[in-house]
Amino acid sequence: MGLRQQHKNFAQRYRETGNATQSYIDAGYKARGHSAESAAQRLLSNVEVQKYLQTLNNKSEKKSIATADEIMDYLSSVMRGETTETVVMMAQKTGRVVSIDKTPDESTRIRAATELLKRYPSVVTDSDNTVRIIFDGIKESGD
């Protein structure tokens, strides 16, 4: 037996607000006094409602959390200077506030490269920021 629509409405509202009692009322259930609180808690302990809440959370996580590939692509585009950021500044000659799009500066690109290197097991950064790159078992050091 699947969940009734009212149960789904409750779960969706609860996920948005975190307030079980109000979610129970918003889903269209009728309650007097404190009965909404106890009924909402019973719904939260319902196995099918719990499964539906987990499904909602999984869908949300998949959409909102960046994948490793997305992060690597973004860091790579910053390192290559392919991204731009809007910077607000005052024009020296006119004194007017202007916004310009600029590519990442060198220090930002280096930080992106460093973050990329951290994701490769063959590259090791020591505590003194010395980078060791390991090629087929041969270690090279560089400052």
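Residues numbered from 1 in each chain as written. Predicted model: local features only at pLDDT ≥ 70, side-chain atom pairs only at ≥ 80, totals over all residues. Heavy atoms only, no water.

Engineer: Explain the overall build of the chain to me, please; I cannot follow it from the model alone.
Structural biologist: A tally of helices and strands in the chain yields six helices and five strands. Going residue by residue from the N terminus, the α and β elements of the chain occur as α-α-α-α-α-β-β-α-β-β-β. Taking the intrachain contacts of the chain between residues at least 6 apart in sequence as the baseline, contacts between residues at least 24 apart amount to 34%. Approximately 10900 Å² of the chain is accessible, and the part contributed by carbon and sulfur atoms is 50%. (Helix = DSSP H or I, 4+ residues; strand = E, 2+ residues; numbered from the N terminus. Contact = heavy atoms within 4.5 Å. Areas by Shrake-Rupley, 256 points an atom, 1.4 Å probe, with all protein chains shown as cover.)

Engineer: What is the right way to read the side chain of Ser-77 from this model?
Structural biologist: Relative to the helices and strands, Ser-77 resides in helix H5 (residues 68–79). Ser-77 has contacts with Glu-82 and Thr-83, leaving out every residue within four places of it along the chain.

Engineer: Whenever I open this one, helix H3 (residues 35–45) confuses me. Can you help?
Structural biologist: Because each turn of an α-helix spans 3.6 residues, side chains separated by three or four positions in sequence point in the same direction. Considered for burial, the residues of H3 that qualify are Ala-36, Ala-39, Ala-40, Leu-43 and Leu-44. Angular distribution of buried residues about the axis of H3 spans 145°; they occupy a single face of the element. Exposed residues lying more than 90 degrees from the buried face of H3 are Arg-42 and Ser-45. (Buried < 20%, exposed > 50% of the residue type's maximum accessible area, 1.4 Å probe, protein only. Arc of directions from axis to C-beta.)

Engineer: Help me out: how do you make sense of the nonpolar core in this one?
Structural biologist: Core analysis: the biggest nonpolar cluster contains 16 residues, and Phe-10, Ala-11, Tyr-24, Tyr-29, Leu-43 and Val-49 have the highest contact counts within it. Those elements giving two or more residues to this core turn out to be helix H1 (5–17), helix H2 (20–26), H3 and helix H4 (47–64). Here this core gets five residues from one element, more than from any other, and that element is H3. With residues near it in sequence (within four places) discarded, Tyr-29 still touches Arg-4, Gln-6, His-7, Phe-10, Tyr-24 and Leu-43. (Core = buried A, V, L, I, M, F, W, Y, C linked by side-chain atoms within 4.5 Å.)

Engineer: Quick question: what am I supposed to make of a nonpolar patch on the surface here?
Structural biologist: On the surface, Val-88, Met-90 and Val-97 cluster together to form a nonpolar patch covering roughly 330 Å² of accessible area. Looking at the element boundaries, Val-97 is found in strand S2 (residues 97–102). Accessibility expressed as a relative area gives 60% for Val-97, which makes it exposed. (Patch = residues over 30% accessible without salt bridge, like charges linked within 9 Å, V, L, I, M, F, W, Y side chains within 5 Å. Salt bridge = Lys/Arg side-chain N within 4 Å of Asp/Glu carboxyl O.)

Engineer: Teacher, can you tell me more about the pattern of salt bridges here?
Structural biologist: Pairing of side chains with opposite charge becomes possible as their charged atoms draw close. What the rule picks out here adds up to four salt bridges. The salt bridge partner of Arg-13 is Glu-16, with a shortest N-O separation of 3.1 Å. Pair noted here: Arg-13 and Glu-16 are both in helix H1, with a separation of three residues, about one helical turn. In this structure, Glu-48 engages Lys-51 in a salt bridge whose closest nitrogen and oxygen atoms are separated by 3.8 Å. Highlighted residues: Glu-48 and Lys-51, both in helix H4, separated by three residues, approximately one helical turn. Residue classification places Glu-48 among the partly exposed positions, given a relative accessible area of 34%. The exposure class assigned to Lys-51 is partly exposed, which follows from its relative accessible area of 48%.

Engineer: For this particular structure, what's the right way to read the packing of H1 against H3?
Structural biologist: What describes two packed helices is the angle between their axes and the distance between those same axes. Their axes nearest at 11 Å, the elements H1 and H3 cross at an angle of 95°. In terms of their interaxial angle, H1 and H3 are classed as roughly perpendicular. Facing H1, whose interface residues are His-7, Phe-10 and Tyr-14, H3 presents Ala-40, Leu-43 and Leu-44. Partitioned by chemical class, the residues of the contact of H1 with H3 number five nonpolar, one polar and no charged. (Axes fitted to C-alpha atoms, helices over the stretch in contact; angles between N-to-C directions. Parallel < 35°, antiparallel > 145°, perpendicular 65-115°, else oblique. Nonpolar A, V, L, I, M, F, W, Y, C, P; charged D, E, K, R; others polar.)

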